[in-house]
Each structure stands twice: as C-alpha cells, then as structure tokens.
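Reading the structure
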There are 2 protein chains.
Amino acid sequence: MAATIRDVARKANVSVATVSRFVNGTHKVRGETAERVKEAIAELDFRPNAVGRSLSTSHTKSLGVVIPSISNPVFSEAVAGITNEAKQQGYSLMLTSTNYDPEEEQSVVETLLENRVDGVLLTVADPENSAALDMLRNARTPFFLIYNQPVEQTPTVTVDNVLAGQEVAEQFAVLGHTRLGMISGRFTTSDRALARKNGFLKGAANLKLPAPVICEADHEGRALEQTLKALYQDLSTAPTALFCSNDLLAISVIGYLRKQDISVPQQVSVIGFDGIDVGSHFYPSLATMVQPSQEMGAAAAKQLLARLSGGDIKEALILPHVFRPGESAGPAGKLTPASSPNLSQNTRRRSTT
Amino acid sequence: MAATIRDVARKANVSVATVSRFVNGTHKVRGETAERVKEAIAELDFRPNAVGRSLSTSHTKSLGVVIPSISNPVFSEAVAGITNEAKQQGYSLMLTSTNYDPEEEQSVVETLLENRVDGVLLTVADPENSAALDMLRNARTPFFLIYNQPVEQTPTVTVDNVLAGQEVAEQFAVLGHTRLGMISGRFTTSDRALARKNGFLKGAANLKLPAPVICEADHEGRALEQTLKALYQDLSTAPTALFCSNDLLAISVIGYLRKQDISVPQQVSVIGFDGIDVGSHFYPSLATMVQPSQEMGAAAAKQLLARLSGGDIKEALILPHVFRPGESAGPAGKLTPASSPNLSQNTRRRSTT
DNA sequence: TTCATTAATGTAAACGGTTACATTTGTGAA
DNA sequence: TTCACAAATGTAACCGTTTACATTAATGAA
C-alpha cells in the first residue's frame, strides 16, 4: 500500500541508494537529483519504514519504560522527564506497567526484548533478585533503574532513601513526637520502602526514641483499614506520628484515620514520601519527603542515551531529596478519644451539598 | 549477537520454517522434532525478533498513544485503561505527548506512522481541523479519539460535554448562585473546553441567569493569576460561582483565590471537570463533573483493536458523566471584602512547621 | 506390498530499508 | 584535449522473519 524507497527510486529515476542517502542526509546528492527525489517523495507521500530500517541497522531508536503503576503520579512524573529527554534525541518510548508484580516484570521485559528496544528504563520490585534484570543483562540490553536502591553493577538513579527515612524520624522528633510508627506497602514489592523503613528505624534509634511500630499493608481496601483499626485500638500506646512509605498511601491513611475520628495533625501527625505535586493542595496539606521525580527520569534517560551512543555512564546517581513541611505534621499533642479539635474538624468537613 | 531463527534451525537440524511454525504454533510439528527445536531455543536463548516479523507480516502489534500531557492525571487514567486492554491482546504501546501543541501533534504522529503502529489512540487540540488526523486518514491508519468532541467520520469516545456544562450551571443555580463565571484553558487547544463552555452558557440561559463571564487563560503561571486579579477587582459584580474547564485548573484557581483572600466556598464556589481521583482529598474537596477516564481509554482501545481484527466499530461512543459534589461548591453567600469565614480559614491554613 | 492420501517438513522469495563496494560522472591541472 | 582524482551514483547483499509452494515422510486401505 504505502510507497517504498524503491517506488521513489523508480519515479525519480535514481537508485534506492541515492534515495536513502537523500532521506538520511548521509551523503551529498547533486542539487538536480535531490530535487527529483524530493518531488517523487512528495508525490508518492513516501514515509520511510522504520521497521525496515531497524532490521537493517539493528537498532530501533526506541526505549522501553517499565513502571509499577501508571496512575501513581510519582511514576507519571518520571515518565514525563523521560519523554522530554527521549524526544529530544529522536527516541520513541514503549511504555508498560507491572502492578508491582515480578511475574509481570518478566513478561513485559520479554516483550520489550522481542521488540529489540535499544535500552530500558525501569523500576522493579527488588533489584537484588530480579528475573527481569537478569534477562536484560543476559540479552546485553542496556538499562537504567529509577527509584530502586543501588545494587552492584547496576546503573541506578535514586535518592538516599535510608538517609531520607532517618530525616523523617528527626522531623517527628523536632515536633516532640516520641511514639513513632510507619505504614508501608509490602517490602517485597518495594525495596525503597524497605530502605526508608531502615532509615526511619535508625533515625529513631539515634534519637533514643522507642522503636517505631512498623505496619506492612496493601495500599488499598480493607487490609489497610483493618491495620489502622487495630493499631489505634488502644490510644494510650498508639503512635502519634506516622510515616507513610509513599504519598498515595499517606492520603489513604489520613482518610481512614478521619473515618475513625482521629484528627490529623491534632492527634496524629503524618509524613509521606515522594512529593507528588497535588499533595500540597490537600487538606491537611501533606508533609512529605520530596524526591525530584521528573529530574530522576530525565537523568536516567540521559545516561542511558549517552551509553547508547557509545559514551560512558555513571553507575549510580543519588539525587537530592528535601523535606516539604505541611499541615499533616504538627506538634505532638494528646492522643485521647475526647480530643476536641478533632470534633470541630469532623463536623466542618462533609458539610456541603 | 543474539541467536536467529536460522541458528536454531541449524542446531535442531530442521528448516527455519519448522522453527517458525513451532514458535508461533501455526502448524503441527511432530513430537520429536518439537523437542529438538525446543532444546535448541533454550540452549541458544533464542528470542524471536519482532522487527523481522513485523517486516514480514506488515503489522507491528503496537498502538500509538498521543496525549496532551503526561502529568495530568486525567490522561494517565485513560492510558491505564488503554494499557490493560492492549496488554490483554498482546499489543505494545508507543506513548507520546504533545503539550497541547498541534505542531507537536503532527510530529509525533509522523513518528508513529514511520514506526508503522497498527493504530493510534489520541486526544487532539481540535479534531475539526487537525493536520495530525489528516495524516492518519491519509495513511489509512485506523485511529480512535478520546475526550475530543465527535466529528463526522471520526471514531471518538467521549462524554456529552455540552450537556455536562449545562448541568454545572444547574448545580450552581440550585445553590442559589446568579453571578456565574468560567475559567477555561485556551479554546483553541481544547475543543472539549469549548463544548463545556457552550453548555454552561446554554444552561445559564435556560435558567434565565445573566450570561456568565468567560475567561480564557493559560493553566499555569502569571497569566491565570492576572486574570483572576482583574476578575475580582470589583467584588460587587464578580462571579460567586466559577466553573473551571478541568480539575487541575480548578485546583490552581482555588489556590490563587486563596492568595487573594477570597475563600472557597464561602465567598466563591468552584466546580471543576474531569473527576481526577485525588480531587476528593483536597481542601476544600473538589466538586466536579466526573468523566470515566479509565473506561474511556479501555473502550477506545477495545474498539480500535476490534477494528484491527477486521471487525466493525462504532463511530462515536458517548459515556455517562456524573456530578460529584464537594466542599468547593456551596450556597451562594455575600461576596464582600470583610467576610469573616475567609479570615478564619486563612489564619488556620499554613499554620504548621 | 503398493499406492493414494494426508501430515510434516523444506526451499526460497518476499518484506523495506542500509551500505560496502563498484561504477560512472564531473572537475581542474597539465 | 587528456588524465588523475574526487564526487556522485548504482548494484546487490544483508538484516530476521513468514509463508506459498514443493517435497518428503507417514498412514492406512486394498
């Protein structure tokens, strides 16, 4: 159906080589010849077939992108960063998501590999032990991790999750909290959550605070609600400060706490992780440890692309994180059932329409 | 480097045809032969090259996706819907974004076409007059619009934006508002915003309300802030009810209003459009007209895929929208400088850390 | 056992580009 | 004008599959 380079060659009365050279600008072609070729291309509406080209050159000018979830803004941000960088250098993106499932990681990487992407940018559940990464290494397809914890011989761009977790503990301490807790997604599906936890624990220990209680739960639905219910059964011992392993989780947690008539931050302070944009518009606005997601995506893409054009790359890039204060984290107060700020808040909410 | 079908054939002592048939399961291959082929594949770590296959079959099993912005959750949701559907049917996604710019629409579609995607799912600035769509039609590459207003001969999945806009006017009327206004992104880059405006105007007219004031502004930065400042110069005439053409815009608007000491919803009510998930967690929670983004993406993908396997498709799918009440839209009050709820609110905010 | 039929396998030509190498054309010096 | 050399262009093999068509092997009836 579509015109091929041979059609163009015939119409312009030149060889396919000349057309190819004209299209790609790889060699000079004489003015008059160029003119004829240009006309033929226009008349035939010729569009070079990237499939043919890829087969011939054995590179596709495309990058695979693998993220756990498309709906989580933290990953969209990274993808936005990747997109800019890739577009600039003429690369296309093949996007896939895994739902945090290592099996899916494998299957999408398999697809990417079959499609012969030139490189892959990805976030995996556990880089220490990842079949997907093994496939990539085995196929000698360059890749770059984003968000994951650095591992030997594995290019990664991330933040210092341990230090960041530690700093969260310090923030709570400054606000006078002593009963700390953490709500996290499954550690098996998020090595960074694990690192943040370790940092948090370490921070608490350094500050001579009692060891925080750690709760692992799935992000959505009953599991999380049950966990919180259990945790806040006994208000006299429950944590007054909760570190959530990511912002989306923090938002859910705040919602569930409110449902149980526990007010944030009057009774319980919450700090999230990621720094998704919208967080600052919430009520209460979300205190969080911000990582530069877009920059991380861009940096990873830039490194990978450099590698693809023969350059050298850094193995690990640790970008700076920064704490963003918010209303969800306040001074430690009393955690008692009859707390009054709580009442006033809960009557004010849900008043409309 | 990587093993080819010929390497496998040689090692298994069969012809390439047999290997191909075994890999694709298109013909029976005798048990013993199959065994040999399977072994050879495993030993050589053979992975069929999709590029070669595509060249041969002239389809790529890939879909192009074109959205205005990756960071806007409304589009991510649609992409999530598309991803599920595509993955199920073994299709890969090539994702691109346009920044609402028709020039970029053209250039990304060009790239997609060169890559010979089997079909394209996209949201354009103006489907009535789109070079990108013309290219697609010209190349006879099937496509399906998402979010855009339906146009002759152009498959689209969307909501009834006019009706929805009208209903927003009605919601404001129910709350007792009479001075209505709309803040919208550029109509030239969003046909749906235009439709929503038209519906809004129509709704107001039906209700015998004064014609709403319409403000067109860029989403971010100074432009929007200036617009709002001008609009709220004279509080005695300024609108008490503001319809924003999308949720992200509504969030910005609420922020800027607050900056000017105008409280939402006590002085001004705001209703958004899209129904992004996070909206319900804001303060004030965002009243909005919800469209089923994920379903829209999934439906478009399903239709397009059906079309690709020879089936017939519906030209236009109008999915149901629904109003989600929220705290940002309340009963009409007085719009005066000395309004007290405003003061109390503004001192309460930004109190932490 | 032989032969007609069917099942399994093989051969080789596409698919649409790129590019090493060969050939032709153009240029300026002698 | 002739010739050496450079610039422009052409020829054809190759990239890794699929698949129409040809061939060979297996099967079962006579």
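For the structure itself, consult the block above.
Fair warning: this is a prediction, and the values are worked out from it, not measured in the lab. (Residues numbered from 1 in each chain as written. Chains lettered and ligands numbered in written order. Predicted model: local features only at pLDDT ≥ 70, side-chain atom pairs only at ≥ 80, totals over all residues. Heavy atoms only, no water.)

What follows covers the overall build of chain A. A tally of helices and strands in chain A yields 13 helices and 12 strands. Taken over the C-alpha trace, chain A has a radius of gyration of 26 Å; the compact-globule value for 353 residues is 20 Å, which it surpasses by more than 25%. Counting over 353 residues, chain A shows a buried share of 55%. A separation of at least 24 residues holds for 72% of the contacts in chain A among residues at least 6 apart in sequence. As presented, chain A carries roughly 15,100 Å² of accessible surface, and 51% of it is formed by carbon and sulfur atoms. (Helix = DSSP H or I, 4+ residues; strand = E, 2+ residues; numbered from the N terminus. Rg over C-alpha atoms; globule rule 2.2 N^0.38 Å. Buried < 20%, exposed > 50% of the residue type's maximum accessible area, 1.4 Å probe, protein only. Contact = heavy atoms within 4.5 Å. Areas by Shrake-Rupley, 256 points an atom, 1.4 Å probe, with all protein chains shown as cover.)

All names here are of chain B. The 6 strands are arranged β7-β6-β8-β9-β10-β12 in an open sheet whose pairing can be described as mixed. Both outer strands of the open sheet, β7 (213-216) and β12 (322-324), are each paired with one neighbouring strand and no more. Mean inter-strand twist for the sheet, computed between neighbouring axes without regard to direction, equals 20°. Alignment of strand β9 (residues 269-274) against strand β10 (residues 287-290), held across 4 bridges, turns out to be parallel. Within the sheet, the bridge partner assigned to Asp 274 lies in β10 and is Val 290. Set on the sheet, helix α8 (residues 161-174) makes contact with β6 (180-184), β8 (241-244), β9, β10 and β12; between it and β9 the angle comes to about 160°. (Pairing = 2+ DSSP bridges. Axes fitted to C-alpha atoms, helices over the stretch in contact; angles between N-to-C directions.)

This part covers the nonpolar core. Counting residues in each nonpolar core, the largest one holds 144 residues, and the members touching the most others are Ile 183, Tyr 232 and Leu 257 of chain A together with Ile 183, Tyr 232 and Leu 257 of chain B. Other than its neighbours up to four places away in sequence, Leu 257 of chain A contacts Leu 228, Tyr 232, Leu 242, Ile 262, Val 264, Val 268 and Val 270 of chain A. (Core = buried A, V, L, I, M, F, W, Y, C linked by side-chain atoms within 4.5 Å.)

Moving on, we come to the protein's contact with DNA strand C. Near DNA strand C you find 28 residues, and of these Ile 5 and Ser 20 of chain A together with Ser 15, Arg 21 and Thr 33 of chain B are the closest. Sugar and phosphate atoms form 57% of the subset of DNA strand C atoms that lie within 4 Å of the protein. Between DNA strand C and Asn 49 of chain A, the relevant distance is 3.1 Å, taken from a phosphate oxygen to a main-chain nitrogen or oxygen of the residue. One of the side-chain nitrogen or oxygen atoms of Thr 33 of chain B is found 2.3 Å away from a phosphate oxygen of DNA strand C. Elements supplying a minimum of two residues to the surface near DNA strand C: α1 (5-12), α2 (16-24) and α4 (50-57) of chain A together with α2 (16-24) and α4 (50-57) of chain B. Among the elements that make up the surface near DNA strand C, the one with the highest residue count is α4 of chain A (5 residues). Residue classes in the surface near DNA strand C are distributed as 10 nonpolar, 12 polar and 6 charged. (Near = heavy atom within 4 Å. Polar contact = N/O pair within 3.5 Å; in protein donor to acceptor, adjacent residues only side chain to side chain. Nonpolar A, V, L, I, M, F, W, Y, C, P; charged D, E, K, R; others polar.)

The next subject is the packing of aromatic side chains. Residue and element names in this part refer to chain A. Under the definition given, this model contains 9 aromatic pairs over all chains. Their ring planes at 70° and their centres at 6.3 Å tell us that Phe 172 and Phe 200 sit as a pair that is edge-to-face. A residue pair is termed long-range when its members are at least 10 positions apart, and Phe 172 in helix α8 (residues 161-174) and Phe 200 in helix α9 (residues 191-206) qualify at 28 residues. With centroids separated by 6.3 Å and ring planes inclined at 45°, the aromatic side chains of Phe 243 and Phe 273 adopt a geometry described as tilted. Here Phe 273 lies in strand β9 (residues 269-274) and Phe 243 lies in strand β8 (residues 241-244), a separation of 30 residues in the sequence. Residue Phe 243 is classed as buried on the basis of its relative accessible area, which comes to 0%. Taken together, the ring pairs connect Phe 172, Phe 200, Phe 243 and Phe 273 into an aromatic cluster. For the cation-ring pair, Lys 197 lies above Phe 187, with the distance from its terminal atom to the ring centre recorded as 5.0 Å. (Phe/Tyr/Trp six-rings, centres within 6.5 Å; stacked < 30°, edge-to-face > 60°. Lys NZ or Arg CZ within 6 Å of the ring centre and 35° of its normal.)

Overall, the coordinates contain 16 salt bridges over all chains when judged by the stated rule. The shortest N-O distance in the salt bridge between Asp 7 of chain A and Arg 10 of chain A comes to 3.5 Å. Separated by 3 residues within a single helix, Asp 7 of chain A and Arg 10 of chain A lie in helix α1, roughly one turn from each other. Relative accessible area serves as the criterion here: at 24%, Asp 7 of chain A is assigned to the partly exposed category. The partner of Arg 192 of chain B in a salt bridge is Asp 191 of chain B, and the shortest N-O contact between them spans 3.0 Å. Judged by its relative accessible area of 9%, Asp 191 of chain B is buried. (Salt bridge = Lys/Arg side-chain N within 4 Å of Asp/Glu carboxyl O.)

This part takes up the sheet that holds β8 of chain A. Residue and element names in this part refer to chain A. With mixed pairing, the 6 strands of this open sheet are ordered in space as β7-β6-β8-β9-β10-β12. Every interior strand has two partners, whereas the edge strands, β7 (213-216) and β12 (322-324), have only one. Adjacent strand axes in the sheet meet at a mean angle of 20° when their direction is disregarded. The pairing of strand β6 (residues 180-184) with β7 spans 4 bridges and is classified as parallel. From the neighbouring strand, Ser 184 faces β7, where its bridge partner is Glu 216.

Moving on, we get to helix α12 (residues 293-308) of chain B. All names here are of chain B. Helix length check: α12 (16 residues) gives 23 Å between terminal C-alpha atoms against 22 Å at 1.5 Å per residue, within 8%. Buried within α12 we find Ser 293, Met 296, Gly 297, Ala 298, Ala 299, Ala 300, Ala 301, Gln 303, Leu 304 and Leu 305. On its buried face, α12 sits against β1 (62-67), α5 (73-88), β3 (119-122), β4 (143-146), β5 (156-159) and β11 (316-319). (Expected span 1.5 Å × (residues − 1).)

Another aspect to go through is the relation of the copies chain A and chain B. Of the transformation superimposing chain A on chain B, the axial component is 0.0 Å and the angular component is 180°, with the fit at an RMSD of 0.1 Å. Here the transformation between the copies is reduced to the relation of a two-fold axis. In this assembly the copies share their binding face: 100% of the residues contributing to the interface of chain A also contribute to that of chain B. (Least-squares fit on C-alpha atoms with pLDDT ≥ 70 in both.)

Moving on: the interface of chain A and chain B. Taken together, the contact between chain A and chain B spans 55 residues of the former and 55 residues of the latter. In this assembly, chain A and chain B are joined by 4 salt bridges. Where chain A meets chain B, there are 12 residue pairs in polar contact (both at pLDDT 80 or more). When residues of the side of chain A that touches chain B are traced back to their parent elements, those giving at least two are α4, α5 (73-88), β2 (92-97), α6 (102-114) and α7 (131-138) of chain A.

The description of two packed helices rests on the angle between their axes and on the distance between the axes. Residue and element names in this part refer to chain A. With their axes 7 Å apart at the nearest point, α5 and helix α12 (residues 293-308) run at an angle of 40° to one another. With respect to each other, α5 and α12 are oriented oblique. The element α5 and its partner α12 pack so that their crossing is right-handed. The segment α5 lies against α12, with Val 74, Glu 77, Ala 78, Ala 80, Gly 81, Ile 82, Asn 84, Glu 85 and Ala 86 engaging Ser 293, Gln 294, Gly 297, Ala 298, Ala 301, Lys 302 and Leu 305. For the contact of α5 with α12, the residue count by class is 8 nonpolar, 5 polar and 3 charged. (Parallel < 35°, antiparallel > 145°, perpendicular 65-115°, else oblique. Left-handed = near helix turned anticlockwise from the far one by under 90°.)

Ser 15, Arg 21 and Thr 33 of chain A together with Arg 6 and Ser 20 of chain B are the nearest of the 28 residues found near DNA strand D. Per the 4 Å cut-off to the protein, sugar and phosphate atoms form 61% of the nearby atoms of DNA strand D. Arg 21 of chain A is positioned with one of its side-chain polar atoms (N or O) 2.6 Å from a base nitrogen of DNA strand D. One nitrogen or oxygen atom from the main chain of Ile 5 of chain B is found 2.8 Å from a phosphate oxygen belonging to DNA strand D.

By the definition in use, this model includes 0 disulfides over all chains. Its sulfur unpaired, Cys 244 of chain A is 10 Å from the next cysteine sulfur, which belongs to Cys 215 of chain A. (Disulfide = S-S within 2.5 Å.)

Residues and elements named next belong to chain B. By the element assignment, Thr 188 lies in the loop between β6 and α9 (191-206). C-alpha separation for the pair Thr 188 and Asp 126, spaced 62 residues apart in sequence, amounts to 7.0 Å. Setting aside its immediate chain neighbours within four residues, Thr 188 contacts Ala 125, Asp 126 and Glu 216.

Attention now moves to the pairing of β11 of chain B. Residue and element names in this part refer to chain B. Side-chain alternation along β11 places Leu 317 and Leu 319 on a buried face and Ala 316 and Ile 318 on a face that remains uncovered. As defined by bridge partners, β5 adjoins β11 across 4 bridges and the pair is classed as parallel. Directly across from Val 157, in β11, lies its bridge partner Leu 317.

Read these as layout, nothing more, since geometry by itself doesn't imply function.
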